[in-house]
Amino acid sequence: CRQIVAGARCVVVSVDYRLAPENAYPTPGEDCYAALEWVAANADRLDVDATRLAVGGESAGANLAAVVCLMARDRSGPTICHQWLDVPATDLTLSQPAYREVPDGFLLDRSDIVKFRELYLGDLDLVTEPYVSPLLADLRDLPPAWIMSAEFDKLRDDGRAYANALEAAGVRATFRLLEGHVHS
């Protein structure tokens, strides 16, 4: 968070959302959305501009950031001006090519992803829910996005596919691939 603050010259609010498996889906996303609402409601007290709220995260946190954008749009909640998604998990169906193409042994193995997904969801029938797999949602009217993926990451194509889907929905998206890098 300190690096983000220093690099972007902004206020950063780090959300201590409740974790799975004790607090499975939808709790983490709801916690993050509640934090967004709290920041918006307390913008004056925090000395932040409520018209310039952005969300961001890394890996599962990037999934939650994308979900918060969907929730804010769907619930007519606080306006989000930007989403920053670092190595995001946007398709929990695990159907993107990198899940097959990137071999295990590059930090994040397929068995880890499957285990994390099971702990988060419990019921795997939920993998196609938009607040689980944002890639499968209606992506119109979302804030612009900056998305980064790593070459040797099984989530690599989640980021690329999400950027492409955002652009197809009329949302400005910038995608960067860090060649030679692994997850995180």
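Our subject is the structure listed above.
Heads up: these notes are all about the structure in this document. (Residues numbered from 1 in each chain as written. Predicted model: local features only at pLDDT ≥ 70, side-chain atom pairs only at ≥ 80, totals over all residues. Heavy atoms only, no water.)

## Structural notes on the nonpolar core
Logical step 1: Within the largest apolar cluster, 46 residues are counted, with the highest numbers of intra-cluster contacts made by L36, L142, I147, Y162 and L166.
Logical step 2: Looking at this core, the elements with two or more residues in it are α2 (27-41), β1 (53-58), α4 (60-74), β2 (80-86), α6 (110-121), β3 (145-152), α7 (156-168) and β4 (173-182).
Logical step 3: Counting residues per element, this core draws most heavily on α4, at 10 residues.
Logical step 4: Ignoring any residue separated from it by four or fewer positions in sequence, one finds L166 in contact with Q83, L139, L142, A145, I147, V171 and A173. (Core = buried A, V, L, I, M, F, W, Y, C linked by side-chain atoms within 4.5 Å. Buried < 20%, exposed > 50% of the residue type's maximum accessible area, 1.4 Å probe, protein only. Helix = DSSP H or I, 4+ residues; strand = E, 2+ residues; numbered from the N terminus. Contact = heavy atoms within 4.5 Å.)

## Comments concerning the pattern of salt bridges
When the charged atoms of two side chains with opposite charge come close together, those side chains can pair.
Logical step 1: Scanning all chains against the criterion turns up 8 salt bridges.
Logical step 2: Among the ionic pairs, E101 bridges to R156, the shortest N-O distance being 2.9 Å. Linking E101 in helix α5 (residues 98-101) with R156 in helix α7, this pair joins segments that are 55 residues apart in sequence.
Logical step 3: A relative accessible area of 54% means that E101 is categorised as exposed.
Logical step 4: By relative accessible area, R156 is classed as buried at 12%.
Logical step 5: Notably, a salt bridge pairs R140 with D138, separated by 2.6 Å at the nearest N-O pair.
Logical step 6: With a relative accessible area of 37%, D138 lands in the partly exposed category. (Salt bridge = Lys/Arg side-chain N within 4 Å of Asp/Glu carboxyl O.)

## Some remarks on the packing of aromatic side chains
Here a ring pair, both rings aromatic, is described through the centre-centre distance and the interplanar angle of the planes.
Logical step 1: If you walk through the whole model with that rule in mind, you get 2 aromatic pairs.
Logical step 2: Their ring planes at 75° and their centres at 6.0 Å tell us that Y25 and Y120 sit as a pair that is edge-to-face. One end of the pair, Y25, is in the loop between α1 (2-8) and α2; the other, Y120, is in helix α6, with 95 residues separating them in the sequence.
Logical step 3: With a centroid separation of 4.9 Å and an interplanar angle of 15°, the aromatic rings of F106 and F152 are classed as stacked. Linking F106 in the loop between α5 and α6 with F152 in strand β3, this pair joins segments that are 46 residues apart in sequence.
Logical step 4: Residue F106 is classed as partly exposed on the basis of its relative accessible area, which comes to 30%. (Phe/Tyr/Trp six-rings, centres within 6.5 Å; stacked < 30°, edge-to-face > 60°.)

## Points about α6
Residues three or four positions apart in an α-helix share a direction because the helix packs 3.6 residues into each turn.
Logical step 1: Here α6 contains 12 residues, and its C-alpha end-to-end distance of 16 Å stays within 8% of the 16 Å for a straight helix at 1.5 Å per residue.
Logical step 2: Along α6, the residues classified as buried are I113, R117, Y120 and L121. Summarising the axial view, the buried residues of α6 lie within an arc of 80°, below the 170-degree limit, and thus occupy one face.
Logical step 3: Packing partners of the buried residues in α6 comprise α2, α4 and α5.
Logical step 4: After α6 finishes, the residue G122 shows a positive phi value of roughly 75°. (Expected span 1.5 Å × (residues − 1). Arc of directions from axis to C-beta.)

## Digging into the state of the cysteines
Logical step 1: The tally for this structure, following the rule as stated, stands at 0 disulfides.
Logical step 2: C1 carries a free sulfur, and the closest cysteine sulfur to it, the one in C10, is 9.7 Å from it.
Logical step 3: What makes C1 exposed here is its relative accessible area of 53%. (Disulfide = S-S within 2.5 Å.)

## Points about the side chain of D86
Logical step 1: The residue D86 is located in strand β2 in this model.
Logical step 2: Of the side chains bearing the opposite charge, R176 lies closest to the buried D86, which forms no salt bridge; the N-O distance is 12 Å.
Logical step 3: Leaving out residues up to four positions away in the same chain, D86 has contacts with G57, E58, S59, A62 and M148. (Lys, Arg positive; Asp, Glu negative; His and termini not counted.)

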